[in-house]
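Each chain is listed here by its residues.
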Amino acid sequence: MNRLVEINTNIVEGDFIIALNGDLDASSSVLLDDIIRDGLRRNPLSVCVDCAGLKYISPAGLGVFISNLRSYAAFRCHWCCFRSGTRPECFPTAWA
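These numbers come from a predicted model, not from an experiment.

## A short note on the packing of aromatic side chains
So, step 1. Enumeration according to the criterion identifies 2 aromatic pairs in this entry.
So, step 2. Residues Phe65 and Trp79 carry aromatic rings whose centres are separated by 5.9 Å and whose planes lie at 5 degrees to one another, so their mutual orientation is stacked. Taken together, the residues Phe65 in helix H2 (residues 59-67) and Trp79 in strand E4 (residues 78-82) connect sequence positions 14 residues apart.
So, step 3. Exposure remark for Trp79: the relative accessible area of 12% places this residue in the buried category.
So, step 4. Summarising the aromatic geometry, the rings of Tyr72 and Trp79 are spaced 5.9 Å apart at their centres and angled 25 degrees between planes, so their arrangement reads as stacked.
So, step 5. Under the relative-accessibility criterion, Tyr72 is labelled buried at 1%.
So, step 6. Put simply, the rings of Phe65, Tyr72 and Trp79 pair up and form one aromatic cluster.

Below is the structure:
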């Protein structure tokens, strides 16, 4: 089965927004990881993931968010997941 995800990014008021549409599996999670790392280099206030169009997420897809927790902290930014039209739920990261 071929699973596809469309990933769109935008910067809004200092927040790096990632919109996911489709299925996030092991192969597409590598692309998402690269996009998150590139977005962090822009020094955002937060990384916000819009999951409204997400149909499926594999354990590898979830692992991308967990594996970047130290990166969020290093860049002193928060991360959040939300659905378009709802209020984002932000998760603070521990800053050393």
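## Quick word on the nonpolar core
So, step 1. Within the largest apolar cluster, 18 residues are counted, with the highest numbers of intra-cluster contacts made by Ile18, Leu20, Leu32, Ile36, Val47, Phe65 and Tyr72.
So, step 2. For this core, the secondary-structure elements that each account for two or more residues are strand E1 (5-12), strand E2 (15-24), helix H1 (26-40), strand E3 (46-57) and H2.
So, step 3. If we ignore the near neighbours within four places in the chain, the residues touching Phe65 are Leu20, Leu32, Ile36, Val49, Ile57, Tyr72 and Trp79.

## Digging into the environment of Ser29
So, step 1. Locating Ser29 in the fold gives a position in helix H1.
So, step 2. Once the C-alpha coordinates of Ser29 and Pro59 are considered, the two residues, 30 residues apart in sequence, prove to be 9.6 Å apart.
So, step 3. Among residues more than four places away in sequence, those in contact with Ser29 are Leu24, Ala60, Gly61 and Val64.

## Examining the pairing of E2
So, step 1. Counting buried positions over the 10 residues of E2 gives 8, a clear majority of the element.
So, step 2. For E1 and E2, the ladder comprises 8 bridges, and the chain directions are antiparallel. Paired with Val5 across the two strands is Gly22, which belongs to E2.
So, step 3. As consecutive antiparallel partners, E1 and E2 are separated by 2 residues, and within that stretch Glu13 has a phi angle of approximately 50 degrees, a positive value.
So, step 4. Across 9 bridges, the pairing between E2 and E3 is parallel. Bridging from a neighbouring strand, Ile18 pairs with Val49 of E3.
So, step 5. Crossover connection from E2 via H1 to parallel E3: handedness right-handed.

Calculation rules
- Residues numbered from 1 in each chain as written.
- Predicted model: local features only at pLDDT ≥ 70, side-chain atom pairs only at ≥ 80, totals over all residues.
- Heavy atoms only, no water.
- Phe/Tyr/Trp six-rings, centres within 6.5 Å; stacked < 30°, edge-to-face > 60°.
- Helix = DSSP H or I, 4+ residues; strand = E, 2+ residues; numbered from the N terminus.
- Buried < 20%, exposed > 50% of the residue type's maximum accessible area, 1.4 Å probe, protein only.
- Core = buried A, V, L, I, M, F, W, Y, C linked by side-chain atoms within 4.5 Å.
- Contact = heavy atoms within 4.5 Å.
- Pairing = 2+ DSSP bridges.
- Right-handed = clockwise from strand over helix to strand, strands pointing away.

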